[in-house]
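Commentary on secondary and tertiary structure
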Amino acid sequence: MVLQTFCNRYTSLIPFLQAMDGINATNISLNTNLNETLSESDCPIQTHVDSDAIKGLKTTAYLIALLVSVIGNTLLVAVVMKNRNMQTVTNYLIVNMAVSDLFLTMFNMPQSIHYIINSPDFTWPSGHWGTFTCKFLPFIQSVSIASSVLSLTAIAVDRFLAIVFPLKMYVTFSMTWVTIVTIWIISMATSSLFLSVMTNQLYGDGYFCIEVWDDPFDDRMAPKNYTVVLFVIFYLVPLVTMSILYGVLIWKLWIRKVPGQHSLENQQRADRSKKKVLKMLMTVVVLFAICWLPVYITQFMIYFAPNVCIPIYLPFFGYFLGHLNSSINPCVYAIFNESFRQGFINIFKTCQCRPQFKVYPFPGSLAADNNYSNGGVPLTGVTRRGKTTAFSQVPI
């Protein structure tokens, strides 16, 4: 779900308006529908400034989310790539989603932290670097989110085919790679407009990254239409699709019988397996819906209900919750999937195992009179994991 660069549409709006220093914002020509949106709204322009304590809390929350996302998604990729038995169709799609989340984490979360720390005096960089980042950051954010969402949908389709039609192999490894490439092509194609419309413009004493819809686009309707299109493609359709597929799977798994003799032990084991699958499937769908819904609520309020005042906390909360989804995804799989959980543990154990070196007097250096030979300089052996690898002389 592309939030049409919330950071640029909303977070840059506050310092932009403050930079006008008393100029009536509704009389400013932005060559976008922002002018019209502000003029139609009966709500006062919110120029709320967070205290240092609030900034600290927001920054800390983002830093934790960033750290968890980097570690969790990196571990996901490492576990699948390192363990051959985990290189399945579903896990490859999970890796693709993890890579998408890493892009969002590495490129866009730092920018959000930078804004929080420097608000309300935040302005965009000038020059070629400002122009590049103004276009690239919204683009890569849109690509990352779209790829992550489409990967989740592909996982749902794969699980549906594997469980409903267990005797047929519909998705092969070659088809998986084609699916992954297609996901990235669709994501980049739908996000390419950001490379065109995002513009770094000078207002007052600073630059601001805003949307500018020039010809042949209608600067009044194009942003609204683009918001609706992105909502349908990257929120509504995936959510409905996953809800239907997982709903069928829940029904299928719940009525499936354990083959063979139905002992109490077998039935209990089947019930435990069903509960784990149900929790994981419902968690994925619910988290997807919850994390991105506030973003679209805010977008639709801005464009289609300008007279409805947006709560001051909603933009940050929605934007942060959307980013937080990148941190939650690896946690979900670690909690509900024993293979991933064990893979994480094995990697941590490997990192903790460091070669230990010991230096000790070599027994053969003692003479018959129990004095060290070689002129009072004992021969020492250096061991690495219990094996003698080198000898040296250490003065006593």
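Presented here is an overview of the structure given in this document. (Residues numbered from 1 in each chain as written. Predicted model: local features only at pLDDT ≥ 70, side-chain atom pairs only at ≥ 80, totals over all residues. Heavy atoms only, no water.)

Brief notes about the overall build of the chain
Along its length, the chain carries 14 helices and five strands. A total of 396 residues make up the chain; the buried ones form 44% of that total. The long-range share in the chain, meaning contacts at least 24 apart out of those at least 6 apart in sequence, stands at 75%. When the accessible surface of the chain is split by element, carbon and sulfur atoms take 65% of a total near 20,600 Å². (Helix = DSSP H or I, 4+ residues; strand = E, 2+ residues; numbered from the N terminus. Buried < 20%, exposed > 50% of the residue type's maximum accessible area, 1.4 Å probe, protein only. Contact = heavy atoms within 4.5 Å. Areas by Shrake-Rupley, 256 points an atom, 1.4 Å probe, with all protein chains shown as cover.)

Details of the packing of aromatic side chains
One pass over the structure, following the stated rule, counts 24 aromatic pairs. Their ring planes at 40 degrees and their centres at 5.2 Å tell us that Tyr 92 and Trp 177 sit as a pair that is tilted. With Tyr 92 in helix H5 (residues 89-107) and Trp 177 in helix H8 (residues 173-191), the pair connects residues that are 85 residues apart, well separated along the chain. Since its relative accessible area comes to 12%, Tyr 92 is described here as buried. On the basis of an interplanar angle of 80 degrees and a centroid distance of 5.3 Å, the ring pair of Phe 107 and Phe 136 is categorised as edge-to-face. With Phe 107 in helix H5 and Phe 136 in helix H7 (residues 127-164), this pair connects stretches of sequence that are 29 residues apart. (Phe/Tyr/Trp six-rings, centres within 6.5 Å; stacked < 30°, edge-to-face > 60°.)

Considerations on the state of the cysteines
A covalent bond bridging the sulfur atoms of two cysteines is what the word disulfide describes. On inspection of all chains with the given rule, the structure shows one disulfide. One disulfide in the model links Cys 134 with Cys 209; its S-S distance is 2.0 Å. Residues Cys 134 and Cys 209 share a disulfide whose torsion about the S-S bond is about 85 degrees; that sign makes it right-handed. A residue pair is termed long-range when its members are at least 10 positions apart, and Cys 134 in helix H7 and Cys 209 in strand S2 (residues 206-211) qualify at 75 residues. By relative accessible area, Cys 134 is classed as buried at 0%. (Disulfide = S-S within 2.5 Å.)

Section: the pairing of S2
Burial analysis of S2 places five of its six residues in the buried class, the great majority of the element. Two strands pair when backbone bridges link them, and strand S1 (residues 198-203) and S2 are joined in this way by six bridges, in the antiparallel orientation. Across the sheet, the residue bridging to Leu 202 is Tyr 207, located in S2. The turn linking S1 back onto S2 is made up of two residues, and Gly 204 within it adopts a positive phi angle of 65 degrees. (Pairing = 2+ DSSP bridges.)

Section: the environment of Leu 245
Topologically, Leu 245 is positioned in helix H10 (residues 222-255). Given the relative accessible area of 13%, Leu 245 is considered buried. Between the C-alpha atom of Leu 245 and that of Leu 281, which follows or precedes it by 36 residues, the distance is 9.9 Å. Among residues more than four places away in sequence, those in contact with Leu 245 are Ala 156, Val 157 and Phe 160.

With respect to the pattern of salt bridges
Throughout the structure, instances matching the rule amount to one salt bridge. Asp 158 is paired through a salt bridge with Arg 159; the nearest N and O atoms lie 3.2 Å apart. Given the relative accessible area of 7%, Asp 158 is considered buried. (Salt bridge = Lys/Arg side-chain N within 4 Å of Asp/Glu carboxyl O.)

Some points on the nonpolar core
When a protein is soluble and globular, its nonpolar side chains tend to lie buried together. Counting residues in each nonpolar core, the largest one holds 75 residues, and the members touching the most others are Tyr 235, Tyr 246, Phe 288, Tyr 333 and Phe 340. Ranked by residues supplied to this core, first place goes to H7 with 15 residues. Excluding anything up to four places from it in sequence, Phe 340 contacts Leu 76, Val 79, Val 80, Met 86, Asn 91, Ile 94 and Tyr 333. Core analysis: the next-biggest nonpolar cluster, separate from the first, contains five residues, Met 301, Ile 302, Tyr 303 and Ile 310 among them. (Core = buried A, V, L, I, M, F, W, Y, C linked by side-chain atoms within 4.5 Å.)

Concerning the packing of helix H6 (residues 109-118) against helix H12 (residues 314-336)
At a minimum axis separation of 11 Å, H6 and H12 run at an interaxial angle of 145 degrees. Along this stretch, H6 crosses H12, giving a crossing that reads as left-handed. Here Met 109, Ser 112 and Ile 116 of H6 come into contact with H12, specifically with Phe 316, Tyr 319, His 323 and Ser 327. Looking at the contact of H6 with H12 residue by residue, the class counts come to four nonpolar, three polar and no charged. (Axes fitted to C-alpha atoms, helices over the stretch in contact; angles between N-to-C directions. Left-handed = near helix turned anticlockwise from the far one by under 90°. Nonpolar A, V, L, I, M, F, W, Y, C, P; charged D, E, K, R; others polar.)

Some thoughts on the packing of helix H4 (residues 52-82) against H6
The geometry of H4 relative to H6 is characterised by a closest axis approach of 9 Å and an angle of 170 degrees between their N-to-C directions. Taken together, the axes of H4 and H6 are roughly antiparallel relative to one another. Residues Lys 55, Lys 58, Thr 59, Tyr 62, Leu 63, Ala 65 and Leu 66 of H4 form the contact with H6, whose participating residues are Met 109, Pro 110, Ser 112, Ile 113, Ile 116 and Ile 117. When grouped by side-chain class, the residues that make up the contact of H4 with H6 number nine nonpolar, two polar and two charged. (Parallel < 35°, antiparallel > 145°, perpendicular 65-115°, else oblique.)

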